[in-house]
Amino acid sequence: MSIVDGTWGSGAAPEEFVAWLLMRKMHWSWEEYERTPPYVRRFCFDFLQLQFEEKQRQMEAQHGG
């Protein structure tokens, strides 16, 4: 099972993955990530997940899925 291909079934995403994704998508340095309050990190991660889910739905709709 892979968190990257959407088959992750082991609960919440690993903290390391969340940190990597947030730094990549939000263009944060490690220092910026560490200074960001946990509730802001969680909000940003949740928002990114919503964006990914919507993109997935759009792709499936376009391809008859």
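Just above sits the structure.
What comes next is a walk through the structure. (Residues numbered from 1 in each chain as written. Predicted model: local features only at pLDDT ≥ 70, side-chain atom pairs only at ≥ 80, totals over all residues. Heavy atoms only, no water.)

## Digging into the overall build of the chain
And then number 1: What the chain contains, in helices and strands, is three helices and zero strands.
And then number 2: Each helix and strand of the chain, placed in order from N terminus to C terminus, yields the pattern α-α-α.
And then number 3: A compact globule built from 65 residues should have a C-alpha radius of gyration of about 11 Å, whereas the chain, at 14 Å, is more than 25% larger.
And then number 4: Relative to its full complement of 65 residues, the chain shows a buried share of 17%.
And then number 5: For the chain, the share of sequence-separated contacts (at least 6 apart) that also reach a separation of at least 24 residues comes to 22%.
And then number 6: Accessible area for the chain stands at about 5,300 Å²; split by element, carbon and sulfur atoms hold 57% of it.
And then number 7: Looking at the chain, you have 7 positive and 10 negative side-chain charges, and the mean spots of the two groups are 4 Å apart. (Helix = DSSP H or I, 4+ residues; strand = E, 2+ residues; numbered from the N terminus. Rg over C-alpha atoms; globule rule 2.2 N^0.38 Å. Buried < 20%, exposed > 50% of the residue type's maximum accessible area, 1.4 Å probe, protein only. Contact = heavy atoms within 4.5 Å. Areas by Shrake-Rupley, 256 points an atom, 1.4 Å probe, with all protein chains shown as cover. Lys, Arg positive; Asp, Glu negative; His and termini not counted. Charge placed at Lys NZ, Arg CZ, Asp CG, Glu CD.)

## Considerations on helix H3 (residues 38–62)
And then number 1: Look at H3: 36 Å from first C-alpha to last across 25 residues, which is about the 36 Å you get at 1.5 Å a residue.
And then number 2: Listing the buried residues of H3 in full gives Arg41, Cys44, Phe45 and Leu48.
And then number 3: With its phi angle positive at about 70°, Gly64 sits one or two positions after the end of H3. (Expected span 1.5 Å × (residues − 1).)

## Regarding the side chain of Thr36
And then number 1: Take Thr36: it is sitting in the loop between helix H2 (30–35) and H3.
And then number 2: Judged by relative accessible area, which is 11%, Thr36 ranks as buried.
And then number 3: Ignoring sequence-local partners within four residues, the contact set of Thr36 consists of Trp28 and Arg41.

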